[in-house]
Amino acid sequence: MLASSLTQEQRLIKNLVSEFAEKEIKPVASEIDKTSAFPWEIVEKLFDLGFMGHFIEERYGGSGLDCLSYVIALEEISRACASTGTIVMAHNSLACAPIIDFGTEEQKEKYLPRMCRDAIGCFALSEPESGSDAAGIKASAVKKGGVYILDGTKSWITNGCEAKVAVVFAKTDKTKRSSGITAFIVDLDAPGISLGKSESKLGIKGTSTSQIVFEDCEVSASRVLGEEGEGFKVAMKTLDAGRIGVAAQAVGIAQAVLDSSTRYSQERKAFGKKISDFQGIQFMLADMATRIEASRLLTYKAALMKDRGEKYAKHSSMAKLYASETAMWVATKGIQVHGGNGYTTDYPVERHFRDAKITEIYEGTSEIQRIIIARQVLSESL
Ligand code: COS
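For clarity, every value in this text was computed on a predicted model and none was experimentally measured.

Kindly report on the overall build of the protein chain, identifying the contributing residues and their values.
Helix and strand counts for the protein chain come out as 10 helices and 10 strands. Here the C-alpha atoms of the protein chain give a radius of gyration of 21 Å, agreeing with the 21 Å that 2.2 N^0.38 yields for 382 residues. Along the first, second and third principal axes, the C-alpha atoms of the protein chain reach 80 × 50 × 40 Å. Among the 382 residues that make up the protein chain, the fraction classed as buried is 54%. Relative to all contacts within the protein chain whose residues are 6 or more apart in sequence, the contacts with residues 24 or more apart total 74%. Mean positive and mean negative side-chain charge positions of the protein chain (47 and 50 charges, respectively) differ by 5 Å.

Written as C-alpha cells, this is what we have:
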C-alpha cells in the first residue's frame with residue numbers, strides 16, 4: 001500500500017495528524033515520560049479534533065472514519081508519543097468499538113455522544129490471575145431482578161484512572177468457561193466501584209494502568225453488551241480489531257527510532273567522518289527501514305481487510321506480532337547506532353525502547369498471536 005494509493009480523505013488525515021503530532025505532542029513527549037503525567041491537554045485537543053470518536057458515526061457526534069485512516073493516525077500519534085497513542089487506542093479500539101459493534105440503539109445513544117465529546121473509555125477484561133487465559137476470569141455478575149451484581153477485581157486497565165465508562169467482562173455462569181462470560185457497559189461513577197493498585201511501569205508512563213474493583217456493584221440489565229453468555233466473543237472480536245491498532249502504534253514507535261537514528265548518524269563523527277558513512281551503520285539503518293515498511297504493509301493490509309468486510313483476525317495477529325517484534329528489534333538497533341548516548345535520557349531512543357516493549361505484551365502477547373495464527377493456518381489446511 002503506497003501513500004499514493006490512499007484516498008484523499010486518508011491523505012488529509014495523515015497530514016493533519018502528523019502536523020498536530022509534530023507541533024503539539026512531540027515537544028512534550030519526553031516530559032510526559034519523565035513526570036508520568038496523563039496528557040490531559042493533548043487528549044482534550046484530540047477530542048476536539050474528532051480522533052477520540054474515530055469510528056463513531058456522525059449521527060452520534062463522531063467522525064465515522066475507517067480503520068485504515070485510524071492506523072495512519074495512530075502511527076503518527078505514537079511516533080510522537082507512545083503514551084498518547086495508547087490512550088487513544090484503548091478509548092477507540094477497546095471501549096468505543098465494542099459499543100458500536102454490539103450495542104443496542106439505546107446504549108449507543110446513551111454512551112457514544114459522551115465518548116466522542118469528553119468521556120474516556122476503558123476495557124476491563126484482565127484480572128490479577130487471568131491475562132492470556134481470558135476465559136479464566138473470576139469476576140462474577142449475578143442477576144437479581146432487573147440488575148446484575150458485579151464483584152471482582154480487574155487488572156492492568158489502561159485509562160483506568162481517567163475513564164468514565166468501562167466495558168467490563170464477568171462470569172454470569174461460573175460453571176462454564178468462555179460461554180459463561182457476559183459483557184457490560186458500566187458507568188464508573190456508580191456505587192460499588194473503586195480504583196485498586198496503580199501500576200508503576202517500564203514505559204508508556206503517561207498512561208494510567210490501574211486495577212478497578214467491583215464490590216456489590218449494581219448494573220442494570222439494560223447495560224448487557226451483546227447477549228448474556230456471549231461476552232467472550234465480544235472480547236475476542238474487539239481484540240481482533242484492537243490488535244491492528246497496536247500494530248500501528250508499534251510502527252509509529254519504530255519509525256521514531258529510525259528518524260532519530262538516521263539524524264544522529266549524520267551528525268555524529270568517529271574516525272574523522274560521519275558514522276553514517278560506515279557500512280556497519282548503513283546496514284543497521286537499511287534493516288530497520290525494511291522491517292518497518294514490512295510492518296506498515298501488514299498493518300495497512302489488516303486494516304483494509306477489516307474495512308472491506310473480509311475476515312481479518314489472522315492478519316491482525318500477524319500485523320501485531322510482526323510490528324511489535326520489529327519495534328523492539330529496531331529500538332535495540334537504534335540504541336546501538338546512538339552508542340553510549342542512546343543509553344541515556346538525553347536522547348529519545350531509550351524512551352522508545354521502553355515504550356516498544358509493551359506492544360509485545362498488551363492486547364495479547366506475541367505467544368498468543370502465534371497461537372491464533374497457527375490455529376488459522378492449521379484449520380485452513382484441513
Ligand atoms: N472471534 C469470535 N469468536 C472467537 C474468537 C474470535 N476471534 N476466538 C475464539 N472465539 C470463540 C471460539 O469460536 C469458541 O466458541 P464456541 O465455544 O462457540 O466454539 C470460544 O470463543 C472459545 O474459544 P477458544 O476455545 O479458542 O478459547 P481459548 O480459551 O482457547 O482462548 C485465546 C483463545 C488464547 C485466543 C484467547 O484466550 C485470547 O485471545 N487470549 C488473549 C487475551 C488478551 O489479548 N488479553 C489482553 C487483554 S487487553 S490488554
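Account for the site of the ligand, with residues named and values stated.
Around the ligand there are 19 residues in total, and Ser132, Arg177, Lys233, Asp240 and Arg375 lie nearest to it. Between the ligand and Ser132, the relevant distance is 2.8 Å, taken from a nitrogen atom to a main-chain nitrogen or oxygen of the residue. Side-chain polar atom of Lys233 to an oxygen atom of the ligand: 2.8 Å apart, as the coordinates give it. Summarising the interface, the protein chains cover 67% of the accessible area of the ligand, which totals 1,000 Å² for the free molecule. The greatest single-element share of the shell around the ligand, amounting to 7 residues, is contributed by helix H6 (residues 231-267). Of the residues belonging to the shell around the ligand, the class tally is 7 nonpolar, 5 polar and 7 charged.

Provide a residue-level description of the packing of H6 against helix H9 (residues 349-359), including the pertinent values.
Here H6 crosses H9 at 160°, and the two axes come no closer than 10 Å. Looking at the two axes, H6 sits roughly antiparallel to H9. When the axes of H6 and H9 are compared, the crossing they make is left-handed. Contacts from Val246, Gln249, Ala250, Ile253, Ala256, Val257 and Ser260 in H6 reach Val349, His352, Asp355, Ala356 and Thr359 in H9. Looking at the contact of H6 with H9 residue by residue, the classes come out as 7 nonpolar, 4 polar and 1 charged.

Requested: an account of the pattern of salt bridges, with residues and values cited.
By the definition in use, this model includes 23 salt bridges. Between Glu19 and Lys23 there is a salt bridge, and its shortest N-O distance comes to 3.4 Å. Taken together, the residues Glu19 and Lys23, both in helix H1 (residues 8-35) and 4 residues apart, mark about one turn of the helix. Taken together, the shared-partner salt bridges in this structure form one network comprising Lys14, Glu76, Arg79 and Asp259.

Explain the environment of Val147 residue by residue, including any values.
Assignment of secondary structure puts Val147 in strand E3 (residues 147-158). Separated by 70 residues in the primary sequence, Val147 and Ile77 have C-alpha atoms spaced 40 Å apart. Val147 has contacts with Val142, Glu218, Val219, Ser220 and Ala221, leaving out every residue within four places of it along the chain.

Go over unusual backbone geometry, please, and point to the residues and values.
Even without being glycine, Ile204 reaches a positive phi, approximately 30°. Along the chain, the position of Ile204 falls in the loop between strand E6 (193-198) and strand E7 (209-220). With a relative accessible area of 4%, Ile204 lands in the buried category. For Asp216, which is not glycine, the phi dihedral falls at a positive 50°. Checked against the element boundaries, Asp216 lands in strand E7.

Give a description of the side chain of Ser324 that names residues and reports values.
By the element assignment, Ser324 lies in helix H8 (residues 313-338). For Ser324, the side chain forms a polar contact with the main-chain oxygen of Lys320, separated by 2.7 Å. A polar atom in the side chain of Ser324 sits 3.2 Å from the backbone oxygen of Leu321. Each residue touching Ser324, except ones within four places of it in the same chain, is listed here: Ala250, Ala319, Thr359, Glu360 and Ser366.

If you had to explain the pairing of strand E2 (residues 140-144) to someone new, which residues and values would you point to?
The pairing of E2 with E3 spans 5 bridges and is antiparallel. Residue Lys143 lies in a different strand from E3, and its bridge partner there is Tyr148.

Lay out helix H2 (residues 40-49) with the relevant residues and their values.
Residues of H2 that are buried include every one of Ile42, Val43, Leu46 and Phe47, and no others. Projected down its long axis, H2 carries its buried residues within an arc of 145°, all on one side. Away from its buried face, by an angle of more than 90 degrees, H2 presents the exposed residues Glu41 and Asp48. Looking at the buried residues of H2, the elements they touch are H1, helix H3 (67-80), helix H4 (82-102) and helix H5 (105-117).

Reading the values: the criteria
Residues numbered from 1 in each chain as written. Predicted model: local features only at pLDDT ≥ 70, side-chain atom pairs only at ≥ 80, totals over all residues. Heavy atoms only, no water. Helix = DSSP H or I, 4+ residues; strand = E, 2+ residues; numbered from the N terminus. Rg over C-alpha atoms; globule rule 2.2 N^0.38 Å. Buried < 20%, exposed > 50% of the residue type's maximum accessible area, 1.4 Å probe, protein only. Contact = heavy atoms within 4.5 Å. Lys, Arg positive; Asp, Glu negative; His and termini not counted. Charge placed at Lys NZ, Arg CZ, Asp CG, Glu CD. Near = heavy atom within 4 Å. Polar contact = N/O pair within 3.5 Å; in protein donor to acceptor, adjacent residues only side chain to side chain. Areas by Shrake-Rupley, 256 points an atom, 1.4 Å probe, with all protein chains shown as cover. Nonpolar A, V, L, I, M, F, W, Y, C, P; charged D, E, K, R; others polar. Axes fitted to C-alpha atoms, helices over the stretch in contact; angles between N-to-C directions. Parallel < 35°, antiparallel > 145°, perpendicular 65-115°, else oblique. Left-handed = near helix turned anticlockwise from the far one by under 90°. Salt bridge = Lys/Arg side-chain N within 4 Å of Asp/Glu carboxyl O. Pairing = 2+ DSSP bridges. Arc of directions from axis to C-beta.

These results come straight from atomic positions and should not be treated as a statement about function.
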